[in-house]
Amino acid sequence: MRNVLLAAIAALGLLMSVLSPAGEGWAQTSDRASINDEEYATLVFDLISVLPNTFAVQGTNPSGSTYRGSAYLNFDAQSGDLLIDWQVGNDSYSGRGPLIGGEFIVDWGDSSPVIYTVQRDGSLFGTWGNGRGTEVLTFAP
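The paragraphs below set out a description of the structure included in this document. Every chain is numbered on its own, with residues counted from 1 as its sequence reads. Per-residue local features of the predicted model are confined to residues with pLDDT of at least 70, and side-chain atom pairs are confined, for both listing and counting, to 80 or more; whole-chain, interface and lining totals are unaffected and use all residues. Hydrogen atoms and water are omitted, and side-chain values are computed over all heavy atoms in the structure.

**Here we look at the environment of asparagine 90**
- Helix and strand assignments follow DSSP, with helices taken as H or I runs no shorter than four residues and strands as E runs no shorter than two, numbered in order from the N terminus. Relative to the helices and strands, asparagine 90 resides in the loop between β3 (81–88) and β4 (91–97).
- Considered as a pair, asparagine 90 and glycine 69 are 21 residues apart in the sequence and their alpha carbons are 9.6 Å apart.

Now the structure itself:
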């Protein structure tokens, strides 16, 4: 059953990466190109299997200053979206979005989305602010 699910995730990710628009001004950085589809499907499956859960946040603002916090991720089976709630200092943010071709594209109310990619080590690397800010989410059980 797990192999069938992994194959389905890989096929969906490959299909969505072909169908998803490219070059729409979203800065993207990922080690995705160095990971084969089967391994990547396993990484995505592993991410979804630990949800809902809390992740440690470490980021850099577009100005160059750094921040730390936490993020709570969950999967909405009805819509297929991932949900995220960040807590950074005294500030809280929420967003949601699809996981398309291995990228979690988060609408969080800003003019540009946060775009996370699943990394080999299981973390999520994200860019925001049109690629000027970066963020890493690390599983924090």
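From this point, the narrative continues.
**Some remarks on the nonpolar core**
- The biggest cluster of nonpolar side chains holds 22 residues, and the ones touching the most others in it are Leu73, Ile84, Trp86, Tyr116 and Leu137.
- Within the residue set of this core, elements represented by two or more residues are α2 (37–49), β1 (53–60), β2 (66–76), β3, β6 (103–106), β7 (114–118) and β8 (124–128). Buried residues of nine kinds, namely Ala, Val, Leu, Ile, Met, Phe, Trp, Tyr and Cys, make up a nonpolar core once their side-chain atoms join them within 4.5 Å. Any residue under 20% of the maximum accessible area for its type is buried, any over 50% is exposed, and the rest in between are partly exposed; the area is computed with a 1.4 Å probe on protein chains only.

**Points about the packing of aromatic side chains**
- Think of it this way: a Phe, Tyr or Trp ring, Trp meaning its six-membered ring, pairs with another when their centres are within 6.5 Å, and the plane angle makes it stacked under 30 degrees, edge-to-face over 60, tilted otherwise. This model, assessed by the stated rule, comprises six aromatic pairs.
- Ring geometry for tyrosine 67 versus tryptophan 128: centroids 6.5 Å apart, planes at 65°, classification edge-to-face. You can see tyrosine 67 sitting in strand β2 and its partner tryptophan 128 sitting in strand β8, a full 61 residues away along the chain.
- Exposure remark for tryptophan 128: the relative accessible area of 15% places this residue in the buried category.
- A ring pair is formed by phenylalanine 104 and tyrosine 116, whose centres lie 5.8 Å apart and whose planes are at 25°; its orientation type is stacked. Taken as a pair, phenylalanine 104 in strand β6 and tyrosine 116 in strand β7 lie far apart in primary sequence, twelve residues in all.
- Joined through ring pairs, the aromatic side chains of Tyr67, Trp86, Tyr93, Trp108 and Trp128 make up one cluster.

**Remarks on the pattern of salt bridges**
- Salt bridge, as used here: a side-chain nitrogen of Lys or Arg that lies within 4 Å of a carboxyl oxygen of Asp or Glu. Scanning the entire structure with this criterion turns up two salt bridges.
- Notably, a salt bridge pairs aspartate 76 with arginine 96, separated by 3.0 Å at the nearest N-O pair. On the criterion of sequence distance, the pair formed by aspartate 76 in strand β2 and arginine 96 in strand β4 is long-range, its members being 20 residues apart.
- Classification of arginine 96 by relative accessible area gives partly exposed; the value is 35%.
- For aspartate 81, the salt bridge identified is with arginine 96, shortest N-O distance 3.1 Å. Of this pair, aspartate 81 sits in strand β3 while arginine 96 sits in strand β4, and the two are 15 residues apart along the sequence.
- Look at aspartate 81 and you get buried, because its relative accessible area is 16%.
- What you see here is one network of salt bridges that share partners, running through Asp76, Asp81 and Arg96.

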